[in-house]
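Chain by chain, the residues run as shown.
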Number of protein chains: 2
Amino acid sequence: MSLEHAILVSLAEQPASGYDLTRRFDKSIGFFWSATHQQIYRVLARMDADGLVTIRRQSGGGVRPDRKVYRLTTAGRGRLVEWTREPTPGETHRSEFAVKVRAMPFGDRAAIVADIVRQRAVHAEQLDYYVADERRHFPDPARLSDDELPAWLVLRGGIRQERGYVEWCDEMLAALGADATTTPDTLVRSTSS
Amino acid sequence: MSLEHAILVSLAEQPASGYDLTRRFDKSIGFFWSATHQQIYRVLARMDADGLVTIRRQSGGGVRPDRKVYRLTTAGRGRLVEWTREPTPGETHRSEFAVKVRAMPFGDRAAIVADIVRQRAVHAEQLDYYVADERRHFPDPARLSDDELPAWLVLRGGIRQERGYVEWCDEMLAALGADATTTPDTLVRSTSS
DNA sequence: TTTGTCATGTAAGTTGTTACATGATTGG
DNA sequence: CCAATCATGTAACAACTTACATGACAAA
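Think of each chain on its own: its residues are numbered from 1, step by step along the sequence as written. The naming scheme follows written order: chains are lettered A onward, ligands numbered 1 onward. Selection of residues for local features in this predicted model requires a pLDDT of at least 70, selection of side-chain atom pairs for listing and counting requires 80 or more, and totals for whole chains, interfaces and linings are taken over all residues. Calculated side-chain values reflect all of the structure's heavy atoms, with hydrogen atoms and water omitted.

In the nomenclature of an unreviewed UniProt entry, chain A is known as PadR family transcriptional regulator of Flexivirga aerilata.

Let's shift gears to the interface of chain B and chain A. Accessible area lost on assembly of the parts is the figure often given for the size of an interface. With 65 residues of chain B at the contact, the number on the chain A side is 66 residues. Accessible area, probed at 1.4 Å, shrinks when two parts are joined; the buried area is that loss added up over both. Approximately 6300 Å² of surface area, both sides summed, lies buried where chain B meets chain A, with 59% of it carried by carbon and sulfur atoms. Its largest share of buried area at the contact with chain A, chain B owes to R94, R102 and F106 of chain B, together 12% of the area lost on that side. For this analysis, a salt bridge means a side-chain nitrogen from Lys or Arg found within 4 Å of a carboxyl oxygen belonging to Asp or Glu. Summed over the shared surface of chain B and chain A, the result is twelve salt bridges. Residue R160 of chain A is joined to E167 of chain B by a salt bridge in which the shortest nitrogen-to-oxygen separation is 3.5 Å. Nitrogen and oxygen atoms within 3.5 Å of one another constitute a polar contact, given that in protein one can donate a hydrogen and the other can accept it, and given that sequence-neighbouring residues count only through two side-chain atoms. At the boundary of chain B and chain A, one finds 38 residue pairs in polar contact (both at pLDDT 80 or more). To qualify as a helix, a DSSP run of H or I must reach at least 4 residues; to qualify as a strand, a run of E must reach at least 2; elements of each kind are numbered from the N terminus. Elements that contribute at least two residues to the side of chain B that touches chain A include exactly α1 (2-13), α4 (74-85), α5 (96-102), α6 (109-137) and α7 (149-175) of chain B. Here the side of chain B that touches chain A gets 16 residues from one element, more than from any other, and that element is α7 of chain B. For this classification, Asp, Glu, Lys and Arg are treated as charged, while Ala, Val, Leu, Ile, Met, Phe, Trp, Tyr, Cys and Pro are nonpolar and the rest, including Gly, are polar. Residues belonging to the side of chain B that touches chain A are distributed by class as follows: 34 nonpolar, 13 polar and 18 charged. Any two residues whose heavy atoms approach within 4.5 Å at even a single point are treated as in contact.

For this overlay, a least-squares fit was computed on C-alpha atoms, restricted to residues scoring pLDDT of at least 70 in both copies. Between the two copies, chain B and chain A, the superposition gives an RMSD of 0.0 Å; the rotation angle is 180° and the shift along the axis is 0.0 Å. Given the turn and translation reported, the copies of this chain are related as if by a two-fold rotation axis. Most of the interface of chain B is mirrored in chain A: 100% of its interface residues are interface residues there too.

This part is about α4 of chain B. With twelve residues, α4 of chain B extends 17 Å between its outermost C-alpha atoms, agreeing within 8% with the 16 Å of an ideal straight helix rising 1.5 Å per residue. Whether a residue is buried, partly exposed or exposed follows from its accessible area with a 1.4 Å probe, protein chains only, as a fraction of its type maximum: under 20%, in between, or over 50%, in that order. Buried within α4 of chain B we find G76, L80, W83 and T84 of chain B. Axial view of α4 of chain B: buried residues confined to an arc of 100°, hence all on one face. Looking at α4 of chain B, the residues exposed on the side facing more than 90 degrees away from the buried face are T74 and R85 of chain B. In the core, the buried residues of α4 of chain B are packed alongside α5 (96-102) and α6 (109-137) of chain A together with α1 and β2 (67-72) of chain B. Multiplying 1.5 Å by the helix residue count minus one yields the expected span of that helix. This arc is taken over the directions from the axis of the helix to the C-beta atoms.

This part is about the pattern of salt bridges. All names here are of chain B. In the structure shown here, the tally under the stated rule is 30 salt bridges over all chains. The salt bridge partner of D115 is R118, with a shortest N-O separation of 3.0 Å. With D115 and R118 both in helix α6, this residue pair falls three residues apart, about one helical turn. Across the salt bridge formed by R156 and E134, the nearest N and O atoms sit 3.2 Å from each other. Taken together, the positions of R156 in helix α7 and E134 in helix α6 put the pair 22 residues apart, joining distant regions of the chain. Classification of E134 as buried rests on a relative accessible area of 14%.

Of the polar contacts made by the side chain of E134 of chain A, one reaches the side chain of R156 of chain A; its length is 3.2 Å. Setting aside its immediate chain neighbours within four residues, E134 of chain A contacts P139, W152, L155, R156 and I159 of chain A.

What follows is about the protein's contact with DNA strand C. For this purpose, a residue is taken to be near a molecule or strand whenever a single non-hydrogen atom of the residue falls within 4 Å of it. Close to DNA strand C lie 21 residues; M1, Q39 and R46 of chain A together with Y19 and K68 of chain B are nearest. Near the protein, within 4 Å, the atoms of DNA strand C are sugar or phosphate in 63% of cases. Between DNA strand C and R46 of chain A, the relevant distance is 2.8 Å, taken from a phosphate oxygen to a side-chain nitrogen or oxygen of the residue. Contributions of two or more residues to the surface near DNA strand C are made by α3 (37-49) of chain A together with α2 (18-24), α3 (37-49) and β2 of chain B. The greatest single-element share of the surface near DNA strand C, amounting to four residues, is contributed by α3 of chain A. Along the lines of polarity and charge, the residues of the surface near DNA strand C split into seven nonpolar, six polar and eight charged.

Let's shift gears to the domain arrangement of chain A. Start and end positions for the domains come from either an automated domain assignment or a database one. Along its sequence, chain A is carved into domain 1 (3-85) and domain 2 (96-186). Here the C-alpha centre of domain 2 of chain A lies 30 Å away from the C-alpha centre of domain 1 of chain A.

Turning to helix α7 (residues 149-175) of chain A, a few remarks are in order. An ideal rise of 1.5 Å per residue puts 39 Å on 27 residues; α7 of chain A measures up with 39 Å between its terminal C-alpha atoms. Taken from the residues just after α7 of chain A, G177 of chain A is the one with a positive phi, measuring 70°.

Written as C-alpha cells, this is what we have:
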C-alpha cells in the first residue's frame, strides 16, 4: 500500500502524469521509494477508482502523445493527512550486499572484495549527487521556510546514509588488507578503452 | 530469489530446521535480510526440489515435535559460490519514514515530529543491541580469523547505519525546534505505568 | 487454565519484477 | 536509418504479507 502514499506526496507537491511520476521516481523521491512505471500506472488506476485523484486528459497537440494529468481530490488530501498521523511501522531492511559480505568464508573472497570496491564507487557517486543537489537547491539551509525544510531534511538523511556507506566500505577494505589500489584491473580497462 | 541466497549463507554457517532459520531471521542475519516463517518454509521446499539441500528428519523423542534438519548439498555450496561471484545489483532502498518526513507540508506536523522521536528511540535501541553484540562476540576485533572477520564487518555496518539514523533524527528535531523534552507524553506514560 | 515455546504448514491477497506491445517525433 | 524521448498500457510470474490451522508440552 505504501507506493500509494509516495504517490500521494508527489502529487501533493505537484500534479503529474504517470510518465512524470515515473521520472520523479527515477530521482528525488525515488531515492527513498523506488518504483517502476508498471507499478505506478497500476496504482494510479486504483487511486482513480478509489476517488483519490481526478484525471484531466491533455492532448499532445498532434505532436506529442496525449497525457493524463492526475491531481489529488479532497479525499486524496485527506488520505494523505491520515497517513501522516499513523506511526511508521518497523521497516524491513534488506541488504543483499551485507548478506554477501557475510558469505565470504563460503564463497569467492576476491570477487567479494571487488564487489566492495564497486559498491563504494556507486555510493560515492550517489553522495556526490546529493551534495551537489544540496548546494543547488538549498544554498542557505538556515533560512528555509516550513514548506522547504522537510525536503532538505530528507536530503540530509540521504547524504548521511551514503557517507556512512562509503566509510563502511573503506573500513572493510582496510580490514581485508585491500584498498582502492588493489583493483588496477578496472583502472587499466577504463583507461585503455 | 534473494531469500534463497540468505538461506544458503545461513545453512552454510550451520545446518538448521525451518524453525531454527526463522529464529535466525528474527535476529543476526535477519537484521540484514528479513523474512517470515511462511517464506522460509516455501523457499526450503523449492531448494529441496532443486537439490540444493538434503533433509534429515529428527524425531522429537516423543517430547518435542519432529523436525526436519536441512543441510547444504554440494550443489547448494556451488550455488553459493556462484552467487558470490556475481556483482551485487543496485539495491532499491525504500524508506516509508523518509517519504513521511517529506509529507510534512501536507500532513500533521506534530504527529510527524512525534514519529521522528519514536524512530530515534527504535534505532537507538537497535544501536545498543549491536554494540552489546560486538562486545560479546568480538571483544578483540584486531585478532579475528578470516572466517570470523566478515560477520564482524557486517555488524560494523549495522552499527554505523543505526548511529547515522539516530544522528539524522537529532538533526531533524533540532531543525524543527523540537527535542526529546518535547515528548513528555511518552515519558509520563512509561513512568506512571 | 491460559500463555508461551516448539514445529510445521496452507490459502488468499497484495506488491513487485520482467517481458511484451504500440506509435509518433526528434536528433545524430 | 537508428536510437532516444514521449506516453501509455497488458500479461505473466515471482516475492512478500496476513490470516488461518494443528497439536503437544511446560510453566505460571
